[in-house]
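Below are the chains, spelled out letter by letter.
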Amino acid sequence: MFFIDTLELEGLGNRSYLAGGTGTAVAVDPPRDIDQVLAAAARRGVRISHVVETHVHNDYVSGGQDLARLTGAVHHVPAAARVSFARTPVHDGDTFTVDEGITLRALATPGHTPHHTSYVLEEEGAAAAVFTGGSLLIGTVGRPDLVEPRLTEELARAQHASAHRLAAELPDDTEVLPTHGFGSFCSSAQADGDATTIGKEKSGNDALVQDVDAFVAALLAGLDDVPAYYAHMGPTNAAGPAPVDLTAPPVADAADIATRLAAGEWVVDLRNRIAFAQGHVAGSFNFEADGKLATYLAWLIPWGKPVTLLAESPEQLAKAQRELARVGIDRPAAAATGDPAGWISAHEELRSFPRATFADLAAPAPGEHRIVLDVRRDSERAEGWIQDSVHIPVHQLHRRQGEIPAGVVWVHCAGGMRAGIAASLLDAAGRDVVAVDDSFDAARSAGLPVVAGPRPRR
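Note that this is a predicted model, so its numbers are computed, not measured.

Draft legend 1. Structural context of the overall build of the chain. When its secondary structure is counted, the chain shows 16 helices and 22 strands. Computed over C-alpha atoms, the radius of gyration of the chain comes to 24 Å, within 12% of the 23 Å expected from 2.2 N^0.38 for 458 residues, which places it in the range of a compact globule. Its C-alpha atoms put the chain at 75 × 50 × 35 Å along the principal axes. By the burial criterion, 56% of the 458 residues in the chain qualify as buried. Carbon and sulfur atoms provide 51% of the accessible area of the chain, an area that totals close to 18,100 Å². Side chains of the chain carry 38 positive and 59 negative charges; the gap between the two charge centres is 4 Å.

This is the structure:
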């Protein structure tokens, strides 16, 4: 009998897998912090004999090379992937034994990347599961626009063909185990559910129910913004990432924090947005440790800019450091934990700003001039926005603050997390800001004029 363990990377919206038998196992698309993969193997009492990559990843740093080095496993990478490190190239149709009676068979499934490869887990020659990486996902497919704009339509058509190949060659009860689709921006849409099979996808996945032209047109029309840090992930993975370093960063005191802020470095407060609004170091930014920390911090920060982390506990700091390492933010320049009062000098005061709901926004004081700032993505705003609001997606806000008119800025997103990030950026720039910490669904019921129509121009 085989086993398959799923390793959730919730912050990035991805999954990795460990699969095998009684003695040996294969790791599929492992994250950079490979200790969790090693721990999963130890719990199973198996040796990792193979490491496979479905593609050169664009959204996180791979731990495949390091895991293979530490375990002595064979590192399988699609043959057409252009990489600078030693690996075992995988071609369409290649098979290798994972454990007695358990094999992996490679299926070329280009689309997410030109070299993308899926792996069919077979027990005694019968397909049981398929690791589809960024090819066939739950209800959707991986986006085809991350490699090169000139290839986007070609890769979209390849996604359609690859999905049909998987559907044609595998039994309906084959479990589909993708890497992307659980919040990752590598997915063209988000997964509807946590599990699926080839048979289920045949009845509901657009790639399998639409003709190629309709599918490609819809896929390309629905593509959203790409996180800026993706531009660094592919080259890092192709070159061969350095081993991860999760040792504790240097401790920063109040003077060190002030010096780093004065030098233009980023000081990031990891506490929840409620605590941050109540009191924080002037000039610091708020990226919640329990939010999509890696995605949004890596998206917004100028690449290579030193970052100091402020956390409420050593545990919160360690978790954040691990998550950031997955996207190539390797070592915080410094860090501090505890009470924010200890992060400032005796003559300083903590800053704060108010939080509010959409009902509060709908009830302005007489004569009050409010600027409503919507920091959602274009695709979200197209479904409805508050009349006369200013629209700047949060990932563009740092360089477009000059477009916001004078006045008190009431900033909102879809649920509150990104509004908290945006409010911290504006507060650090000296703007008077109110963070609307509420679901956008409440805007209309609060009496605010919500309109919808064609995708608004930026």
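Draft legend 2. Here's a closer look at the nonpolar core. The biggest cluster of nonpolar side chains holds 53 residues, and the ones touching the most others in it are W266, F287, L297 and L373. Sorting elements by how many residues they give to this core places helix α10 (residues 293–300) first, with seven residues. Beyond its immediate stretch of four places on either side in the chain, W266 contacts F285, F287, L297, L300, I301, P302, K305, P306, V307, T308 and H398. Counting 18 residues, the second largest nonpolar core, distinct from the first, contains V120, A127, A156 and L170.

Draft legend 3. Representation of helix α2 (residues 64–71). Buried within α2 we find G64, D66, L67 and A68. One or two residues past the end of α2 sits G72, with phi positive at roughly 75°.

Draft legend 4. A look at the packing of aromatic side chains. Under the counting rule described, the total for this entry stands at eight aromatic pairs. Their ring planes at 85° and their centres at 5.1 Å tell us that Y229 and Y230 sit as a pair that is edge-to-face. The pair formed by Y229 and Y230 is uniform in burial state, with each residue classed as buried. Grouping aromatic residues by their ring pairs yields a cluster made of F185, Y296 and W299. The ring centre of F182 lies 3.8 Å from the NZ or CZ of R15, which sits over that ring. The cationic tip of R376 hangs over the ring face of F440; the distance from NZ or CZ to the ring centre is 4.0 Å.

About the cut-offs
Residues numbered from 1 in each chain as written. Predicted model: local features only at pLDDT ≥ 70, side-chain atom pairs only at ≥ 80, totals over all residues. Heavy atoms only, no water. Helix = DSSP H or I, 4+ residues; strand = E, 2+ residues; numbered from the N terminus. Rg over C-alpha atoms; globule rule 2.2 N^0.38 Å. Buried < 20%, exposed > 50% of the residue type's maximum accessible area, 1.4 Å probe, protein only. Areas by Shrake-Rupley, 256 points an atom, 1.4 Å probe, with all protein chains shown as cover. Lys, Arg positive; Asp, Glu negative; His and termini not counted. Charge placed at Lys NZ, Arg CZ, Asp CG, Glu CD. Core = buried A, V, L, I, M, F, W, Y, C linked by side-chain atoms within 4.5 Å. Contact = heavy atoms within 4.5 Å. Phe/Tyr/Trp six-rings, centres within 6.5 Å; stacked < 30°, edge-to-face > 60°. Lys NZ or Arg CZ within 6 Å of the ring centre and 35° of its normal.

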